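These are the residues of each chain, in order.
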Amino acid sequence: MVFLNNRLVHEKRAMVSVFDHGFLYGDGIYETLRVYNGVAFMVDEHIERLHRSASMISLRIPLTHAKIRKAVYKTIRANGLDDAVVRISVSRGEGSIGLDPELCPEPTFVIIAYPFTGHPRINYERGVKLAIVETRRNYRRAIDPRIKSLNFLNNILAKIEAKKRGAFEAIMLNHRGYIAEGTISNIFFIKNKTLFTPAVDVGILDGITRGLIINMAREKGIEVIEGRFRPEELYSAEEIFISSTTMELMPVTMIDDIRIGTKPGRITRILHRAYKEKVEEYVQGF
Ligand code: PDD
C-alpha cells in the first residue's frame, strides 16, 4: 500500500500524472528513513529536514509535521513491516507545462514503505571501494545540496562514473576541488585519532546520520573537525567510512587505487557500535 495524497492506495493504483512537475522537471523534494522493529528512526529530524527542503524551494507541504508522522506509521503498518525503508516524496504537483510553480495548485505527497534488505555483510567486514569522480557536486549557489531534491542527475552522473570504475560509491568534490560527499552518503576520515568530515558550507547534505556520528564521537572524547579537505587527505587517511540512513556507517578500505587497510578501522568499529546502541535506545524508548 502506498500513501498518496492523504489516503492509502494499492501499489498498482498509486499513479501520478504525466503532468506532475516532479516528473516533468524534477521539481520536488524527498526523505529516506529507516525503520527498525516497526519504529521509524529519527522520524522527527527527517520530517523537519523535509520541511526545510520544502521551504528552500518555496514549496508548501499540505500536511503538518504531526500528520506526516502519523501517515508514515500508517504506511508502515498497512504493509506489515518491521525492518523497512520509508521514502517520503513531495513534488510541486500536477500543472500545465511551464516552470512557474503557480501552475501547480496542489503538491503531490507520497509515502512508500518497503522491506529493508540490507547491504551485503561482506561490505561491512572488508570495507568498500570509493572512486573520486570527475563530476563535481552541485554548486551551493546554484542548487544547494542541503535541499534533498528529487532532481538527482548530479548524483546519478557521479554514480555512473563510480560504477564504470568498479567502485561501490562515488566521492564528489565541490566546484573548488574540496571533498564534498557521496551520491547518497557523507564521508568521514580518521587521522591521528581525529575524525574529519567536510563542513556543510562546502556544499553537502547535512546528513542526519552524519550529525549523530559527530555528536557520538564528541561524547566519546574523539576530536571532530569539520572543514575543507583536498582529496589527497583521503589517500593518507588511517580509516575512512561513509554514512547514510540505510547504510549506517560503511567502512571504506580502498579509494581509487589506494588501499586504506584491509578491514574496518578501530574508530570506525567503535562508532558503528555506538550508532547501533543509539538505535536500540531509540527503539526501546518508543
Ligand atoms: N541518502 N548525501 C546525500 C547526497 C544523500 O542523498 C544522503 C542520503 C546523505 C546521507 O544523509 P542521511 O544520513 O540523512 O541519510 C548524504 C538517502 C539514504 C537516499 O538517498 O535514499
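Residues numbered from 1 in each chain as written. Predicted model: local features only at pLDDT ≥ 70, side-chain atom pairs only at ≥ 80, totals over all residues. Heavy atoms only, no water.

Quick look at the overall build of the chain
Argument step 1. For the chain, the count of helices and strands is eight helices and 15 strands.
Argument step 2. Compactness check: the chain gives a C-alpha radius of gyration of 19 Å against a globular reference of 19 Å for 286 residues, within 12% of the reference.
Argument step 3. Along the first, second and third principal axes, the C-alpha set of the chain runs to 55 × 45 × 30 Å.
Argument step 4. Sorting the 286 residues of the chain into buried and exposed places 53% on the buried side.
Argument step 5. Looking at the chain, you have 42 positive and 34 negative side-chain charges, and the mean spots of the two groups are 2 Å apart. (Helix = DSSP H or I, 4+ residues; strand = E, 2+ residues; numbered from the N terminus. Rg over C-alpha atoms; globule rule 2.2 N^0.38 Å. Buried < 20%, exposed > 50% of the residue type's maximum accessible area, 1.4 Å probe, protein only. Lys, Arg positive; Asp, Glu negative; His and termini not counted. Charge placed at Lys NZ, Arg CZ, Asp CG, Glu CD.)

Here's the deal with the pattern of salt bridges
Argument step 1. Applying the stated criterion across every chain yields a total of 17 salt bridges.
Argument step 2. Bridged by salt links that share partners, the residues Arg-210, Arg-218 and Glu-226 form one connected network. (Salt bridge = Lys/Arg side-chain N within 4 Å of Asp/Glu carboxyl O.)

Here's the deal with the domain arrangement of the chain
Argument step 1. Each assigned domain of the chain is listed here: domain 1 (2–115) and domain 2 (121–284).
Argument step 2. Computed from C-alpha atoms alone, the centre-to-centre distance between domain 1 and domain 2 is 26 Å.
Argument step 3. Counting residues at the interface gives 29 residues for domain 1 and 21 residues for domain 2.
Argument step 4. Its largest share of buried area at the contact with domain 2, domain 1 owes to Tyr-30, Phe-41 and Arg-49, together 28% of the area lost on that side.
Argument step 5. For the interface between domain 1 and domain 2, the tally reads one salt bridge.
Argument step 6. Residue Arg-52 is joined to Asp-206 by a salt bridge in which the shortest nitrogen-to-oxygen separation is 2.8 Å.
Argument step 7. Our enumeration of links across domain 1 and domain 2 arrives at nine residue pairs in polar contact (both at pLDDT 80 or more).
Argument step 8. Mapped onto the side of domain 1 that touches domain 2, the elements with two or more residues apiece are helix H1 (21–25), strand S3 (28–36), strand S4 (39–40), helix H2 (43–56) and strand S5 (84–91).
Argument step 9. Looking at which element gives the most residues to the side of domain 1 that touches domain 2, the answer is S3, with eight residues.
Argument step 10. Considering only residue class, the side of domain 1 that touches domain 2 consists of 14 nonpolar, nine polar and six charged. (Domains from an automatic or database assignment. Contact = heavy atoms within 4.5 Å. Buried area = accessible area lost by both parts, 1.4 Å probe. Polar contact = N/O pair within 3.5 Å; in protein donor to acceptor, adjacent residues only side chain to side chain. Nonpolar A, V, L, I, M, F, W, Y, C, P; charged D, E, K, R; others polar.)

Considering the pairing of S5
Argument step 1. For S5, a buried count of seven out of eight residues is recorded, marking the element as mostly surrounded by other parts of the structure.
Argument step 2. Bridging between S3 and S5 involves eight bridges; their strand directions are antiparallel. Each bridged residue has a counterpart across the sheet, and for Ile-29 the counterpart in S5 is Val-90.
Argument step 3. Across eight bridges, the pairing between S5 and strand S6 (residues 108–115) is antiparallel. Looking at the pairing, Arg-87 lines up with Ile-112 of S6. (Pairing = 2+ DSSP bridges.)

Focus on the site of the ligand
Argument step 1. In the vicinity of the ligand there are 20 residues, among which Tyr-30, Thr-32, Glu-181, Thr-209 and Thr-245 approach most closely.
Argument step 2. Side-chain polar atom of Lys-148 to an oxygen atom of the ligand: 3.3 Å apart, as the coordinates give it.
Argument step 3. In the environment of the ligand, an oxygen atom lies 2.6 Å from a nitrogen or oxygen atom belonging to the side chain of Thr-209.
Argument step 4. Protein contacts shield 94% of the accessible area of the ligand, which totals 470 Å² for the unbound molecule.
Argument step 5. Mapped onto the shell around the ligand, the elements with two or more residues apiece are S3, strand S9 (179–182), helix H6 (208–219) and strand S13 (239–244). (Near = heavy atom within 4 Å. Areas by Shrake-Rupley, 256 points an atom, 1.4 Å probe, with all protein chains shown as cover.)

Considering the pairing of strand S8 (residues 169–173)
Argument step 1. Burial analysis of S8 places five of its five residues in the buried class, the great majority of the element.
Argument step 2. Neither face of S8 is exposed, since Glu-169, Ile-171 and Leu-173 on one face and Ala-170 and Met-172 on the opposite face are all buried.
Argument step 3. Crossover connection from strand S7 (residues 128–132) via helix H5 (residues 153–164) to parallel S8: handedness right-handed.
Argument step 4. When S8 meets S9, the two strands line up antiparallel, connected through three bridges. By the bridge assignment, Met-172 is partnered in S9 with Glu-181.
Argument step 5. The antiparallel hairpin formed by S8 and S9 contains five residues in its connecting segment, where Gly-177 sits at a positive phi of about 90°. (Right-handed = clockwise from strand over helix to strand, strands pointing away.)

Topic: the packing of H2 against helix H3 (residues 65–78)
Argument step 1. The interhelical angle for the contact between H2 and H3, taken along N-to-C directions, is 125°, at an axis separation of 10 Å. On the basis of their axis angle, the class for H2 and H3 is oblique. As for how H2 packs across H3, the hand of that crossing is right-handed. Across the interface between the two elements, Val-43, Asp-44, Ile-47, Glu-48, Leu-50 and His-51 from H2 touch His-65, Ile-68 and Arg-69 from H3.
Argument step 2. In terms of residue class, the contact of H2 with H3 is made up of four nonpolar, two polar and three charged. (Axes fitted to C-alpha atoms, helices over the stretch in contact; angles between N-to-C directions. Parallel < 35°, antiparallel > 145°, perpendicular 65-115°, else oblique. Left-handed = near helix turned anticlockwise from the far one by under 90°.)

Description of the environment of Phe-23
Argument step 1. Locating Phe-23 in the fold gives a position in helix H1.
Argument step 2. Residue classification places Phe-23 among the exposed residues on the basis of a relative accessible area of 62%.
Argument step 3. Between the C-alpha atom of Phe-23 and that of Ile-260, which follows or precedes it by 237 residues, the distance is 41 Å.

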